[in-house]
Amino acid sequence: MILKAILLGLVAMLGHTNFLFGTNLLDRPLIMCTLTGLVMGDLKSGIIIGAMMELAFIGAFSVGASLPPDMISGGVLGAALTLAAGNDPEVALTIGVPIASLALLMKNACKIFILPIFVHKADDYAVKGNSKGVARMHMLGGFLYLNLPYGIFVFLAFLLGNTVIQSVLDAIPQFVKSGLTIATGLMPALGFAVLASMIINKKNWYFLLLGFLISAYMGMSVTGVALFATVIALIIVNMQNNQVITAKKWEVMKMTTSKLITKRDLRKVFFRSFPMEWTWNYEKQQNLGYTYALIPIIEKLYKDKPEEKAAALQRHLEFFNTTPHMVTLILGISTAMEEENALDENFDTSSINSVKAGLMGPLAGIGDSFMWGTLRIIATGIGTSLAMNGNILGPILFFLLFNIPHVILRYICMMGGYKFGAGFLSKIAAGGLMEKLTYAASILGLMSIGSMIATMVTVNIPLKYTNGDTSVVIADVINGIVPCLLPLLFTGFIYWLVTKKKMKTTWALILIFIIGILGSLTGILGV
């Protein structure tokens, strides 16, 4: 019993290395339940349970700041307790789903109270120019806040059994559970507010409103708004000063050769990009993973310039979030921009984060749609169709069909991002285009943020006004004035707290959880 509990704990820890090795679907039920079946001595039943739970959790994946129920704990414990009791595979769902919900509460607690310790310590190391300290916080943070606690949780939960787990869940008041669900819908507002604060100003704020209105009134997706914003940005850049960026100019820009960065350096960034989400946090999301990936570049370019190295580390520890599988495209461009900065003392370093902020939203819209909404679904369909019969090829093909294209795409984006960025950035400064392209990037970023506010922030007021036999839902009245107005107002409120009142994002996050729980308790806010 104890040996099996230890092995199951290790399986859960392996599942969480999904975020260490490139967000590669190791955490999905089809993989976790297969390994659980192997530990429990019934591989075929484990595969079948994995297929059933994979289909049940097919819509559960992380986008932006939203977190799904913890499929690792739910899958491992659901399958293990079912097989240990000799129950039918269908029972695994009734056990696994509540455990996944309980584990999500624990994950949120760890993200709020444990992980920020490592994130803020990394900030301290960055100020001192200590890149090794930053890297150490990234590696230790992911292991100590998530990997190890979940291994211990699964180990103890298997020993205690399903009855104890269910009693813990039942002891949590329903209004707290609902409040946490409400807070989950509100949390993306914090990320969008912080992101907007990096690029918004008096000259471009209305583009955020435009992106919001397009999605709110027309129902256009973030990807659609991003494409629409790209056209607007190109028109504006080409109209300014009648300086048209022709195809020939773009091609010339791409031909400049590197002076400092080699393919070996780029490969280092490529491999270090895999643990991008190892320390994903509510405050700055992928910032620590992004900086970790760029450390070889920063060390090489600013080896004898301690002040510039510290500035570069701090620069990349700002808020960042995009599809992890395609993040190398932006990493390649950041590498090129850091190289230009090292060679040109007049380089505008603020443009580095402006370009990052402008690209991460549109790239996430495209990347999430392709990786999560297309490639993962294809892999799931093929994998589960085989796994439902207990065929071991099911989980194997599921894993390979997703990760072979993923790794190839990650590598192409790394090399392509740098090749484009290096030549592009070496020419635009001389042509006076950097300011225009930074402005274009801000248009793209702000319109995408506006669209995401309309589609990803959830504020529901279920209160009703009754007059005689007529009952009117207050939220419907507000949405009748402007659709999705409540998410926009709430994001504006968080933006005001973070920028005008200088509230730390950690406190803003805690405030959102308090609002969610109090809103649930009073009935003002609903799921």
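Presented here is an overview of the structure given in this document. Everything numeric in this text was worked out from a predicted model, so none of it was measured. All residue numbers here refer to positions counted from 1 along the written sequence of the relevant chain. A pLDDT threshold of at least 70 governs which residues receive local features in this predicted model, and a stricter bar of 80 or more applies before side-chain atom pairs are shown or counted, although totals over entire chains, interfaces and linings include all residues. Hydrogens and water molecules were not included; the side-chain quantities draw on all heavy atoms of the structure.

## Observations regarding the overall build of the protein chain
Inference 1: Numbering of helices and strands runs from the N terminus; a helix is a DSSP stretch of H or I covering at least four residues, while a strand is a stretch of E covering at least two. Within the protein chain, the secondary structure is distributed over 23 helices and two strands.
Inference 2: Exposure is judged per residue with a 1.4 Å probe applied to protein chains only, and the accessible area is read against the type maximum: over 50% gives exposed, under 20% gives buried, and values in between give partly exposed. Within the protein chain, the proportion of its 527 residues that are buried is 56%.
Inference 3: Whether two residues are in contact is decided by their heavy atoms, any of which lying within 4.5 Å being enough. Taking the intrachain contacts of the protein chain between residues at least 6 apart in sequence as the baseline, contacts between residues at least 24 apart amount to 80%.
Inference 4: When the accessible surface of the protein chain is summed, it comes to about 22100 Å², and 67% of that surface belongs to carbon and sulfur atoms. Computed with a 1.4 Å probe, the accessible areas rest on the Shrake-Rupley method; for each residue, only the protein chains presented here act as cover.

## Notes on the pairing of strand E2 (residues 470-473)
Inference 1: When DSSP finds two or more bridges between a pair of strands, those strands are recorded as paired. Pairing analysis gives four bridges linking strand E1 (residues 464-467) to E2, with the strands arranged antiparallel. Considered in E2, the bridge of Lys 464 is made with Val 473.
Inference 2: Adjacent in sequence and paired antiparallel, E1 and E2 are bridged by two residues, among which Gly 468 carries a positive phi angle near 70°.

## Considerations on the side chain of Asp 123
Inference 1: With respect to the helices and strands, Asp 123 occurs in helix H6 (residues 115-127).
Inference 2: Beyond its immediate sequence surroundings of up to four residues, Asp 123 is in contact with Lys 284 and Leu 317.

## Here's the deal with the packing of H6 against helix H7 (residues 131-160)
Geometrically, a packed helix pair is captured by the angle between its two axes and the distance between the axes.
Inference 1: Put simply, H6 and H7 touch, their axes get as near as 9 Å, and they point 175° apart. Comparing their axes, H7 and H6 come out roughly antiparallel. Contacts from Leu 115, Phe 118, Lys 121, Ala 122, Tyr 125 and Ala 126 in H6 reach Gly 133, Val 134, Arg 136, Met 137, Leu 140, Gly 141, Leu 144 and Tyr 145 in H7. Angles run from 0 to 180 degrees between N-to-C directions of axes, and those axes are lines fitted to C-alpha atoms, restricted for helices to the stretch in contact. Working rule for angles: under 35 degrees goes down as roughly parallel, over 145 as roughly antiparallel, 65 to 115 as roughly perpendicular, anything else as oblique.

## Considering the nonpolar core
Inference 1: Residues enter a nonpolar core if they are buried and are Ala, Val, Leu, Ile, Met, Phe, Trp, Tyr or Cys, with the set joined through side-chain atoms within 4.5 Å. Counting 147 residues, the largest nonpolar core has Leu 331 and Ile 449 as the members making the most contacts within it.
Inference 2: Considering every element that reaches this core, the biggest residue donor is H7, with 10 residues.
Inference 3: By size, the runner-up hydrophobic cluster in this structure holds five residues, among which are Met 337, Phe 347, Ile 352 and Val 355.

## A look at unusual backbone geometry
Inference 1: Despite not being glycine, Leu 25 shows a phi value in the positive range, around 75°.
Inference 2: Along the polypeptide, Leu 25 turns up in the loop between helix H1 (2-16) and helix H2 (29-40).
Inference 3: The backbone of Gln 285 sits at a positive phi, close to 60°, despite the residue not being glycine.
Inference 4: You can see Gln 285 is positioned in the loop between helix H14 (263-272) and helix H15 (287-301).

## What about the pattern of salt bridges?
Where charged atoms of side chains with opposite charge meet at close range, the side chains can pair.
Inference 1: By salt bridge we mean one thing: a side-chain nitrogen of Lys or Arg within 4 Å of a carboxyl oxygen of Asp or Glu. According to the stated counting rule, one finds six salt bridges in the structure shown.
Inference 2: Close ionic contact of Glu 54 with Arg 28 constitutes a salt bridge, the shortest N to O distance being 2.9 Å. Of this pair, Glu 54 sits in helix H3 (residues 43-56) while Arg 28 is found in the loop between H1 and H2, placing the two residues 26 residues apart along the sequence.
Inference 3: Judged by its relative accessible area of 2%, Arg 28 is buried.
Inference 4: For Asp 265, the salt bridge identified is with Lys 300, shortest N-O distance 2.6 Å. Here Lys 300 lies in helix H15 and Asp 265 lies in helix H14, a separation of 35 residues in the sequence.
Inference 5: Judged by relative accessible area, which is 39%, Lys 300 ranks as partly exposed.

## Details of H14
Inference 1: Those residues of H14 lying buried are Asp 265, Leu 266, Val 269 and Phe 270. Viewed along the axis of H14, the buried residues span an arc of 145°, placing them on a single side of the element. Facing away from the buried side of H14 by more than 90 degrees, the exposed set consists of Arg 264 and Phe 271. Comment: arc refers to directions from the helix axis out to C-beta atoms.

## Section: a positive patch on the surface
Inference 1: Note that patches include only residues with greater than 30% relative accessible area and no salt bridge, and the join distances are 9 Å for like charges and 5 Å for nonpolar side chains (Val, Leu, Ile, Met, Phe, Trp, Tyr). As used throughout, the charge tally considers Lys and Arg to be positive and Asp and Glu to be negative, leaving His and the chain termini uncounted. All charge positions are set by atom: Lys at NZ, Arg at CZ, Asp at CG, Glu at CD. Residues Lys 263, Arg 264, Arg 267, Lys 268 and Lys 419 make up a contiguous surface patch of positive charge.
Inference 2: Position of Arg 264 among the secondary structure elements: in helix H14.

Interpretation in functional terms is not warranted from these geometric data alone.
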